[in-house]
Amino acid sequence: MVDADSEYTAAASGAGLHTLEAEDFELAEVTNDEMVAVYKSRMAKKGASGRGIYDELILSAPGGCCPLCGQRNVSTLDHHLPKKLFPALAVAPLNLVPACADCNKLKLDAAPSSREQETLHPYFDTISDDPWLAATVVETKPAAVQFFVDPPAHWDASLTERVKRHCVLFQLPKLYAAQAAPEISGIAYHLTNLYSAAPAQGAVKVRAFLVDQAESRRHARVNSWQGAMYQALADSTWYCDGGFTI
């Protein structure tokens, strides 16, 4: 088990989890199903001897927010490499990631077969300071936004593909667009008042408000969907010049 943990850590540190062979993480003493049962009955189950570790991992997520989607509340632990395929990692803390129920279901029991297929690992992939989430305005009534990955120049192609894979697997553009819709609706009244108060400078005042909101949200979290949304709205001449009206 110690060797399995060390091998996992070394691979995860270099986005090399795809190189691990499932058969190397089987245990001679117990079956795969027995190790799954160990996790469920001795760690995840309330009152179990390992429940303290389970709870500690759950509470490790900053603000109780799922690190996989950055939006919903943590309610479970996700096995980054599936426990049924890698039983030696079934109770390994570094393979257990706090997650929301939706992300846990979307991930399923699949293992990556290439570097580009590896989703982001919250413990090993430190890209939270790099701005990579962006959005564009859809000129409809009401207005909407679409989210996409806009990688910084210093990223290599492999990391870019991994982030795109992560977004697709966890359906982040769809999730963020759904969250953005009521936010856009909620600011329409305020923007209308700003625009009407100074007809000659209406668009300028609207844009200034949106830029301020974008900077504030990105200061709190570089890749928040709110920051990307407000920046996209501020960059849209159509939106600032009345596109917010319904």
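A short tour of the structure in this document, coming up. (Residues numbered from 1 in each chain as written. Predicted model: local features only at pLDDT ≥ 70, side-chain atom pairs only at ≥ 80, totals over all residues. Heavy atoms only, no water.)

Points about the overall build of the chain
Rule in force here: Only DSSP runs of H or I covering at least 4 residues are called helices, and only runs of E covering at least 2 are called strands; the numbering of each starts at the N terminus. Three exposure classes are used, based on accessible area relative to the maximum for each residue type with a 1.4 Å probe and protein chains only: buried under 20%, partly exposed in between, and exposed over 50%. By definition, residues are in contact when any of their heavy atoms lie within 4.5 Å. The method behind every accessible area is Shrake-Rupley, applied with a 1.4 Å probe, and residues are considered shielded solely by the protein chains displayed. Residues counted as positive are Lys and Arg, residues counted as negative are Asp and Glu, and His and the chain ends are not counted. Every charge is mapped to an atom, namely NZ of Lys, CZ of Arg, CG of Asp or CD of Glu.
Within the chain, the regular secondary structure consists of 9 helices and 4 strands. Each helix and strand of the chain, placed in order from N terminus to C terminus, yields the pattern α-α-α-β-β-α-β-β-α-α-α-α-α. Based on the C-alpha atoms only, the size of the chain along its principal axes is roughly 80 × 40 × 25 Å. In the chain, which comprises 246 residues, the share counted as buried stands at 43%. A sequence separation of at least 24 residues applies to 65% of the contacts in the chain between residues at least 6 apart. Of the roughly 12600 Å² of accessible surface on the chain, 53% is carried by carbon and sulfur atoms. For the chain, the separation between the mean place of its 21 positive charges and that of its 29 negative charges on side chains is 9 Å.

What to know about the nonpolar core
So the rule is basically this: Put simply, a nonpolar core is a bunch of buried Ala, Val, Leu, Ile, Met, Phe, Trp, Tyr and Cys residues held in one set by side-chain atoms that sit within 4.5 Å of each other.
Core analysis: the largest hydrophobic core is formed by 53 residues, its most contacted members being Val145, Phe147, Val163, Leu210, Met229, Leu233 and Tyr239. In this structure, Leu233 is in contact with Val137, Val145, Ile184, Ile187, Leu210, Tyr239 and Cys240, ignoring residues within four places of it in sequence. Ala11, Ala12, Leu81 and Phe86 belong to the second-largest nonpolar core, a separate cluster that totals 13 residues.

A closer look at the packing of helix α2 (residues 32-44) against helix α3 (residues 51-59)
In a packed pair of helices, the relevant descriptors are the angle between the two axes and the axis-to-axis distance. Applied cut-off: Here, axes are lines fitted to C-alpha atoms. For helices the fit covers the stretch in contact, and angles between N-to-C directions go from 0 to 180 degrees. Here roughly perpendicular refers to angles of 65 to 115 degrees, roughly parallel to angles under 35, roughly antiparallel to angles over 145, and oblique to all remaining angles. Three classes are used, and their members are as follows: Ala, Val, Leu, Ile, Met, Phe, Trp, Tyr, Cys and Pro are nonpolar, Asp, Glu, Lys and Arg are charged, and the others, Gly among them, are polar.
Running from amino to carboxyl end, α2 crosses α3 at an angle of 85°, the nearest separation of the two axes being 7 Å. Here α2 lies roughly perpendicular to α3, going by the angle between them. Residues Tyr39, Arg42, Met43 and Ala44 of α2 lie in contact with α3, whose contacting residues are Arg51, Ile53, Tyr54 and Leu57. Here the residues of the contact of α2 with α3 are counted per class, giving 6 nonpolar, no polar and 2 charged.

Thoughts on the side chain of Arg51
Our working rule: Identification of polar contacts relies on pairs of N or O atoms within 3.5 Å, with a donor-acceptor requirement for protein atoms, meaning one able to donate a hydrogen and the other able to accept it, and with residues adjacent in sequence counted only if both atoms are side-chain atoms.
Following the sequence through the fold, Arg51 ends up in helix α3. In this structure the side chain of Arg51 is engaged in a polar contact, spanning 2.3 Å, whose partner is the backbone oxygen of Ala44. Beyond its immediate sequence surroundings of up to four residues, Arg51 is in contact with Arg42, Met43, Ala44, Lys45 and Lys46.

What is shown is where atoms sit, not what they do.
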